[in-house]
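Residue strings, one per chain:
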Amino acid sequence: EVPLFKTHISLDSRSYLEKCHELVTNIDVICKQFYSYKEFGEISFDLLKINSKNITFQDIPSLLNNKYVYGCGRDFNMLCYYLFSDQCLLSYVPRIKESYKSFLELLLKEEIYKSDYNDRDKNILDTLKQWEVIDFDNNNQILLKNMIRINILKELYTMGFLNFHRYPQNYKDEIYFLKTKNCVCFKDTLLSNDEANYFNYYLNDVYSNGPKLRNLYAHGIEYL
């Protein structure tokens, strides 16, 4: 049974400034209640009253294990660079008149062969084959392989993280495999890194150019 969270946010016609002050204060209260429920299975309001420590957004735990997936490690960076980066020269083949933003896009649009590349690049292609993201047919045409793995890597490359529990089982199995290869890692936090950074930017004294709204409103500075 989920306990009753307590908060006091008025819906009256007070000024915008007063409502901001109340909202900033209640964000801390709600986060502390959730943290208490996750850690102890209940909300102890007596304990919260004597707890003056601020909870940082990136440290708020989630009720879900393995909630977020992040790319990590040298192999992850290598695979993403060769497959998706617009700086990787694998996307350029002299005999192809069109230009493409990535090696992946090139393979999706054109018939490309191992012979289109020099010896150094062929070694890179062999590495990608070992990771089972490409393969060669009998004519040495380069073919995409294991699109689930490629899709996971692409989403991590573009989005920065994945919400693990939103994916079907075949994707989860692939993520677990990448975890065994130290290409991904899990975090059990309520907010993703990007979400936590967003709140920290606006509310906390973390970034030098941030508005620091918590200090302004919670401590009454905005009233001055």
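Parameters and conventions
- Residues numbered from 1 in each chain as written.
- Predicted model: local features only at pLDDT ≥ 70, side-chain atom pairs only at ≥ 80, totals over all residues.
- Heavy atoms only, no water.
- Helix = DSSP H or I, 4+ residues; strand = E, 2+ residues; numbered from the N terminus.
- Buried < 20%, exposed > 50% of the residue type's maximum accessible area, 1.4 Å probe, protein only.
- Pairing = 2+ DSSP bridges.
- Phe/Tyr/Trp six-rings, centres within 6.5 Å; stacked < 30°, edge-to-face > 60°.
- Lys NZ or Arg CZ within 6 Å of the ring centre and 35° of its normal.
- Expected span 1.5 Å × (residues − 1).
- Contact = heavy atoms within 4.5 Å.
- Salt bridge = Lys/Arg side-chain N within 4 Å of Asp/Glu carboxyl O.

A. Representation of unusual backbone geometry in the model. Phi is positive for E132, which is not a glycine, with a value near 60 degrees. By the secondary structure assignment, E132 is in the loop between α5 (119-130) and β2 (134-136). Since its relative accessible area comes to 35%, E132 is described here as partly exposed. Phi angles above zero are rare outside glycine, and N146 is one such case at about 50 degrees. Following the sequence through the fold, N146 ends up in the loop between β3 (142-144) and α6 (147-159).

B. Here's a closer look at the sheet that holds strand β1 (residues 68-71). The strand order β4-β1-β5 describes an open sheet built from 3 strands, whose pairing is antiparallel. Looking at strand neighbours, the two that pair on one side only are β4 (162-163) and β5 (184-187), the edges of this open sheet. One ladder, built from 4 bridges, connects β1 with β5; its direction is antiparallel. Considered in β5, the bridge of G71 is made with V184.

C. Region of interest: the packing of aromatic side chains. Overall, the coordinates contain 13 aromatic pairs when judged by the stated rule. Linked through ring pairs, F57, Y198, F199, Y201 and Y202 together constitute an aromatic cluster. For K154, the ring lying beneath its charged end belongs to F84, and the centroid distance is 5.9 Å.

D. Molecular detail of the environment of E98. Here E98 lies in the loop between α3 (73-84) and α4 (103-109). For E98 and K109, which are 11 residues apart along the polypeptide, the C-alpha to C-alpha distance reads 9.7 Å.

E. α3, seen in detail. Compared with an ideal rise of 1.5 Å per residue, which puts 12 residues at 16 Å, α3 spans 16 Å between its outermost C-alpha atoms and is within 8% of the ideal. For α3, the elements touching its buried residues are β1, α4, α5 and α6.

F. Examining the pattern of salt bridges more closely. With the rule as written, the count across this model stands at 8 salt bridges. Residue D116 is joined to R95 by a salt bridge in which the shortest nitrogen-to-oxygen separation is 2.7 Å. Of this pair, D116 sits in the loop between α4 and α5 while R95 sits in the loop between α3 and α4, placing them 21 residues apart in sequence. One salt bridge connects E105 with K109, and the closest N-O pair in it is separated by 3.9 Å. With a gap of 4 residues between them, E105 and K109 both fall in helix α4, about one helical turn apart. Residues participating in the shared-partner salt-bridge network are K129, D135 and K145.

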